[in-house]
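Listed below are the residues making up each chain.
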Amino acid sequence: MNALTISDFTFSYPEKDPLFTDVSLTLEEGSFALLVGRTGCGKTTLLRAIKSELAPAGNRCGLIEVFGRNTFTLTTYESASMIGHVAQSAENQIVCDSVWHELAFGLENLGVSQAEMRRRIAEVASFFDIESLMHAPVTSLSGGQKQAVTLASILVMQPKLLLLDEPTAQLDPVAEKNFLHALFRINRELGITVVVATHAPETMRAYAHEAFCITDKRLEPISLDEFDFSDFVFDEQGHGERNHDERGYDEPNHGERNHGERNHGERKKKALAELSENNTALSLHDVFFRYTAHEPWVLRGLDVDIASGSIHAIIGANGSGKSTLLHLIAGILKRGRGQVKNKLSAAQALLPQNPKALFVCDSAYEELQEWQKRCGYTEARLAATLERFGLSAHADQHPYDLSGGQQQKLALAKLLLTNPDLLLLDEPTKGLDATAKCEIAEILLSLRDVGTTIILVTHDLSFVACVADSATMLFDGQATCTEALPDFFAQNIFYRPRVDAFMLRWREHQAPLNKGVHAANRSTTTGATTGATTGATPGKSASEGAHAANRSTTTGNAPTSSISAGDFL
Amino acid sequence: MKQLLKQLEIPALVGVPVVLLLCAFFRVAQTAVLSLGIVLVALLIFFVNYETAKPALRQIMPTVVLGALAAAGRILFAPIPNFKPVTALCILAGVVFGRRAGFMVGALAALVSNFFFGQGPWTPWQMYAWGMIGYGAGMLAERGWFKHPVVLYGYGFLSAIAYGVLLNTWHVIGFVKPFTWQGALLAYGASLPFDAIHAVATVAFLLVIFAPWRKKLERIKKKYEL
Amino acid sequence: MIALGEQTRETQTSKLHAFDSLHPTIQLGCFAAILILTMVTIHPIFLALSFVAAFSFCGFARGWKTALATLAWQAPLVLLCAAINPLFSSAGTTTLFHLGSKAVMAESVVFGGCMGLMLAAVILWFCAASAVLTSDKVMAVLGSRLPSIGLMVSMTMRLVPQFVERGRLIEGNLRAVSAAAPQNSQEVVGGRIRLVSTLMGWSMEDSLERADAMKARGWGATKTRTTYKRYQFRRFDAVALALCGVLGALSAVSAWLVCSRWQFYPALGSLAPWWAYLPFALFMFLPLLACISENVRGGNGRNLL
């Protein structure tokens, strides 16, 4: 029997053009399907349309059937027990204060008897191995544990179809893997049909059976191989190897960009040179820190110097103290012991992990006005900033009605209007798709080009590989190594960036500029300097369409040295 | 039964201070325990009514968020004694979401924040007092009294004072025997500075947050009704 | 740090297995009976017994430091209650001394002392009870009849620590932006109010998502919600309930008999023989004895009976 049949489904929000037209889809029972498409293409809407309680208001026609039943004739009871829905933020889905209560919540709603509730909760808790957490308050759980509890609290209702909307976007790589593994077991061991909407399909490729893509208001099946980037090999030291690139760098129309990019390469070297000359924006020595006297040290003997005018990444596992370090630099936390010298502390700005922590007004425009009096920037500059960040059309919208990427850009715009010389970013790419990441990356590069020092804390190694000048790895409370890129990753075997949609897009966008994208066969050498080039990105245009449609903004805005601060803001 | 309870809601809520005063007047020996019982009964009647009305999600969620916000505000502002946003939030909830929501926000904030601060015999009294402030604000808003901001600020000021007086009254009437006015005045006088800070804080919060928050909450209300 | 109180309490219950393994209804009933008895028996001996029992159980269960701190925190109120009586409501026959034109009577001093003791005992009993009765136990007893209210309390309990953490985050973020950081105390207060505004907007927005998650999990699917009962009432609980009930009734009767022969005014009454206080004393120390005897035996709570 088919688990899900969508036939000729059309949907439009009130007084808007249709989001998609005549969409059809058939999923067999036990399938694991991915739903991809760029932000705003309607992935979320389609998933929600399948579950009638969540279906958005609007004009719809066509039929959606789950196990042969029209979803719109399902009662709440039937819908809740047949179809499970998991959203992006575990934090916002958890209802109750303790894990056992959270697991029981859905069953209580369905009026399940006492004995049956006990049995189902026991079963699921054992399956997920969360028995030891049963009595814990949910506030004490990690992000990964929270999402696992969310998934478990839906599985107790024994759904036959599971819909997940960006379930791993807020998770770090390790938690993401664990979650996907749990999902895989649910699908393969229990035979539950799974549909995942995602903008990071490459990590889920190995678990899925099939994939569908929404492009141009249509839903098309696409091959899972489109998400397989493992046969791409990037030349990490591409600066010196332009001759590998088929398109050639001497074409006149690329000349200017070429110049800018060469400048980029030189800057990296310069940044390091400056470091050695001790021209540092920030220096931390012998830093020890713990939150309370009863807790173990988070940082113990950390030394790091960061050159001014560079993009410096701080990476490391969960709980290695990355955010703590950032908060120490920002002066939010008072240092425990040691020396934190921040020459730029008088003109710094911190972008929090969740941009919502910065919003207080009722529209994007007012948001940018909040600090206008204090900082004295003009209306014209404000309008130019909106324009530059592609937010002009959204100026009157409530900040919370913007997409995740737009919120991130708005927060960044708000901070940049204060003219910071030091920009501290906490996980700036969390939950963003490749397009939004490219936009953020470009903003960061142009800021660096006007002399802003940028420190970013992140799990996103591919972002680091593309954007950062130097990086520090935290381990065991210390800075294990601080090196310039690409040397930083060149020596790593386990801990290195994986090619993902963002890296592809970014390299492709940069390719005419400088860095070659060298696609090689899996079998060929993967050495950083000897990557044989068997045809660069044009061959991958199909996948390009799959996970990131045309981008409107960037090509003309590649970082060039000709952009001055005045032009930029 | 349900109808009866509904009819009883307002008498029970109003009855609490009346019983307290009657106990004082007749010099009842067990005032402390008796009045505590009465306030618990009043709370119970309200809660049962709230429960039987089958509140919808769009009623529950904002109430819970505002209640948690008030409780968290009490914790975040703990370093400044008696400078707390709870009273202002109860008033706001009563005005925007109705008297029952106002009462629930006050009661939830008191009950839950005391799980962090420490429960005591004062918990039911705080639940009742903050609940009544929200309930009253809702009733007055229904009658259009708060069209003049001065009335609103006045209500905020007086209700914060009344809150302090009610909590003291239980101590005075329950634990001072025989009851004398001098004793009562001493007790009230001792807590007057704290009540004054509370009243000023409430007005300050209302001045700053009432108008913008009302706008924000109306937007949320609209979003919930979609 | 206040926000973490709930969690740390959870771990402290390890010492309290004997009591902790009982059904929460009995725990709640036992503490309620103790509280009511304490507040009803206005008699120096009974109140002293209750106070000592409360202080020792509080000290045993939550640490002596906590017990002393709780007492110190409430000391002004207790002292005020103790002082107002002799100063303003003086009555009796035995004059101790004169304070200005007022005579301070011994009976009033005793009465004031009793009232202060009662208040202190009640506060300490609450403090002690919170070591055993965590919020989810209280809601398991009180909330099962009122499922919506119970759920709302649970949801609020879940949100408060999150909001406190977010509040600190928002405040820190504002300080981290040099151009926007508060410069003087007025701006610090402004920053705090901005904090609450940001927190409200953020949390309300999140609550929309949470409402969806609730709908997706069948909120309102049936007319009668069931409630998951984490605690089951077992035979051991019935025995414990019977024991508590008998002891409670005995102490109530003895307390009533003793109190009816006791008076403060005009002159203090005479004390009853020592055995008249025995049932009351036993009842007050019951929670502590149960825990200590178990710790001595090193077995589980069920060895007690």
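From a predicted model like this one, the values you see are computed outputs, not experimental measurements.

The rules behind each value
- Along every chain, residues carry numbers that run from 1 in the direction the sequence is written.
- Just so you know, chain letters begin at A and ligand numbers begin at 1, following the order they were written in.
- Local features in this predicted model are restricted to residues whose pLDDT is 70 or higher, and side-chain atom pairs enter the listing and the counts only when it is 80 or higher, whereas totals over whole chains, interfaces and linings include all residues.
- The helix count covers DSSP runs of H or I at least four residues long, the strand count covers runs of E at least two residues long, and both are numbered beginning at the N terminus.
- All radius of gyration figures rest on C-alpha atoms, and the globule criterion is 2.2 Å times the number of residues raised to 0.38.
- Counting other C-beta atoms within 10 Å of a residue's own tells you its class, since 20 or more makes it buried, 12 or fewer makes it exposed, and anything in between is partly exposed; those C-beta atoms are placed from the backbone.
- In this description, a residue-residue contact is defined by the distance between C-beta atoms placed from the backbone, which must lie within 7 Å.
- For two strands to count as paired, DSSP must find a minimum of two bridges between them.
- In this description, a line fitted to the C-alpha atoms serves as the axis of each element, helices being fitted only across the stretch in contact, and the angle between N-to-C directions of two axes falls anywhere from 0 to 180 degrees.
- Here, expected helix span is obtained from the residue count minus one, scaled by 1.5 Å.
- Confidence scores per residue from the predictor, reported as pLDDT, run from 0 to 100.
- Our angle categories are set so that under 35 degrees counts as roughly parallel, over 145 as roughly antiparallel, 65 to 115 as roughly perpendicular, and the remainder as oblique.
- Helix crossings fall into two classes, left-handed where the near helix is turned counterclockwise from the far one by less than a right angle and right-handed where it is turned clockwise.
- When residues are sorted by character, Ala, Val, Leu, Ile, Met, Phe, Trp, Tyr, Cys and Pro go into the nonpolar class, Asp, Glu, Lys and Arg into the charged class, and all the rest, Gly among them, into the polar class.

(A) Quick look at the overall build of chain B. Helices and strands together make up the secondary structure of chain B, namely eight helices and zero strands. In chain B, the order of α-helices and β-strands from amino to carboxyl end is α-α-α-α-α-α-α-α. Relative to its length of 226 residues, chain B is compact, with a C-alpha radius of gyration of 17 Å against a globular reference of 17 Å. For chain B, the residues scored as buried account for 52% of the 226 residues in total. Within chain B, contacts between residues at least 6 apart in sequence are counted, and of these 73% link residues at least 24 apart.

(B) Region of interest: the overall build of chain C. Within chain C, the regular secondary structure consists of eleven helices and two strands. Each helix and strand of chain C, placed in order from N terminus to C terminus, yields the pattern α-α-α-α-α-β-β-α-α-α-α-α-α. In terms of C-alpha radius of gyration, chain C reaches 25 Å, well past the compact-globule figure of 19 Å for 305 residues. Along the first, second and third principal axes, the C-alpha set of chain C runs to 70 × 60 × 40 Å. Counting only residues that meet the buried cut, chain C has 47% of its 305 residues in that class. Contacts in chain C between residues far apart in sequence, at least 24 positions, make up 75% of those at least 6 positions apart.

(C) Spotlight on the sheet that holds strand S12 (residues 280–289) of chain A. Residues and elements named next belong to chain A. One open sheet holds the three strands; their spatial order is S13-S12-S15, and the pairing between them is antiparallel. Each having just a single partner strand, strand S13 (299–307) and strand S15 (337–342) make up the two edges of the open sheet. Sheet twist, expressed as the average angle between the axes of neighbouring strands with direction ignored, equals 10°. Where S12 meets S15, five bridges bridge the pair, whose relative direction is antiparallel. Paired with Leu282 across the bridge in S15 is Asn342.

(D) Structural context of the environment of C:Glu205. Residue and element names in this part refer to chain C. As for its position among the elements, Glu205 is in helix H9 (residues 185–216). Accessibility expressed as a C-beta count within 10 Å gives 21 for Glu205, which makes it buried. With 14 residues separating them in the primary sequence, Glu205 and Trp219 have C-alpha atoms 19 Å apart.

(E) A look at helix H4 (residues 86–97) of chain B. Residue and element names in this part refer to chain B. Over its twelve residues, H4 extends 16 Å from the first C-alpha to the last, a length consistent with the 16 Å expected when each residue adds 1.5 Å. Burial analysis of H4 places twelve of its twelve residues in the buried class, which makes it a mostly covered element. Among the residues making up H4, those that are buried are Val86, Thr87, Ala88, Leu89, Cys90, Ile91, Leu92, Ala93, Gly94, Val95, Val96 and Phe97. As for H4, its buried residues are in contact with helix H3 (57–76), helix H5 (99–117), helix H6 (122–142), helix H7 (149–175) and helix H8 (181–225). A positive phi of about 100° marks Gly98, the residue just after H4.

(F) Structural view of the confidence of the model for chain C. Residues and elements named next belong to chain C. In the predicted model, chain C carries a mean pLDDT of 83, and 91% of its residues have values of at least 70. By mean pLDDT, helix H1 (residues 5–12) is the weakest element of chain C at 40, and helix H4 (residues 44–62) is the strongest at 92. With pLDDT under 50 throughout, residues 1–13 is counted as low confidence; its partners more than four residues away or in other chains account for 25 contacts. Confidence over residues 299–305 falls short of pLDDT 50; this stretch has 14 contacts with residues more than four positions distant or in other chains. This complex was scored by the predictor with a pTM of 0.84 and an ipTM of 0.92.

(G) Representation of the pairing of strand S19 (residues 470–475) of chain A within the structure. All names here are of chain A. Among the six residues in S19, five count as buried, and that is most of the element. Pairing analysis gives four bridges linking strand S14 (residues 311–315) to S19, with the strands arranged parallel. Its bridge partner lying in S19, His312 is registered against Ser470. Hairpin connection of S19 to strand S20 (residues 478–484): two residues between the antiparallel strands, including Asp476 at a positive phi of 55°.

(H) Representation of unusual backbone geometry within the structure. The backbone of A:Asp286 sits at a positive phi, close to 50°, despite the residue not being glycine. As for its placement among the helices and strands, A:Asp286 is situated in strand S12.

(I) A look at the packing of H3(B) against H4(B). All names here are of chain B. Remark: H3 packs on H4, axes separated minimally by 9 Å, with the N-to-C direction vectors making an angle of 165°. Classed by the angle they form, the pair H3 and H4 counts as roughly antiparallel. The two elements H3 and H4 meet at a crossing, and its hand is right-handed. Between H3 and H4, the contacting residues are Pro62, Thr63, Leu66, Leu69, Ala70, Gly73 and Arg74 on the first element and Val86, Leu89, Cys90, Ala93 and Phe97 on the second. Along the lines of polarity and charge, the residues of the contact of H3 with H4 split into nine nonpolar, two polar and one charged.

(J) Here's a closer look at the interface of chain C and chain B. Contact with chain C, which involves 53 residues of that partner, is made by 55 residues of chain B. For the side of chain C that touches chain B, the secondary structure elements donating two or more residues are H1, helix H3 (24–40), helix H5 (64–88), helix H6 (106–132), helix H8 (147–176) and H9 of chain C. Residue contributions to the side of chain C that touches chain B peak at 14 residues, all from H9(C). Taken together, the residues of the side of chain C that touches chain B break down into 37 nonpolar, 13 polar and three charged.

(K) Local environment of the sheet that holds strand S8 (residues 193–197) of chain A. Residue and element names in this part refer to chain A. Here we have six strands laid out as an open sheet, ordered S6-S7-S8-S3-S9-S10, and mixed in their pairing. Looking at strand neighbours, the two that pair on one side only are strand S6 (83–86) and strand S10 (218–222), the edges of this open sheet. Each strand of the sheet is rotated relative to its neighbour by a mean of 20°, with strand direction disregarded. By the bridge criterion, four bridges tie strand S3 (residues 32–36) to strand S9 (residues 210–215) in an arrangement that is parallel. Note that in S9 the partner of Val36 across the bridge is Cys213.

(L) Structural context of the packing of H3(C) against helix H10 (residues 235–260) of chain C. Residue and element names in this part refer to chain C. Look at H3 against H10: their axes get within 11 Å of each other, and the N-to-C directions meet at 5°. Considered as vectors, H3 and H10 are oriented roughly parallel to each other. Residues Ile26, Gly29, Cys30, Ala33 and Leu37 of H3 pack against Asp237, Ala240, Leu241, Cys244, Gly248, Ser251, Ala252 and Ala255 of H10. Of the residues in the contact of H3 with H10, the class split is nine nonpolar, three polar and one charged.

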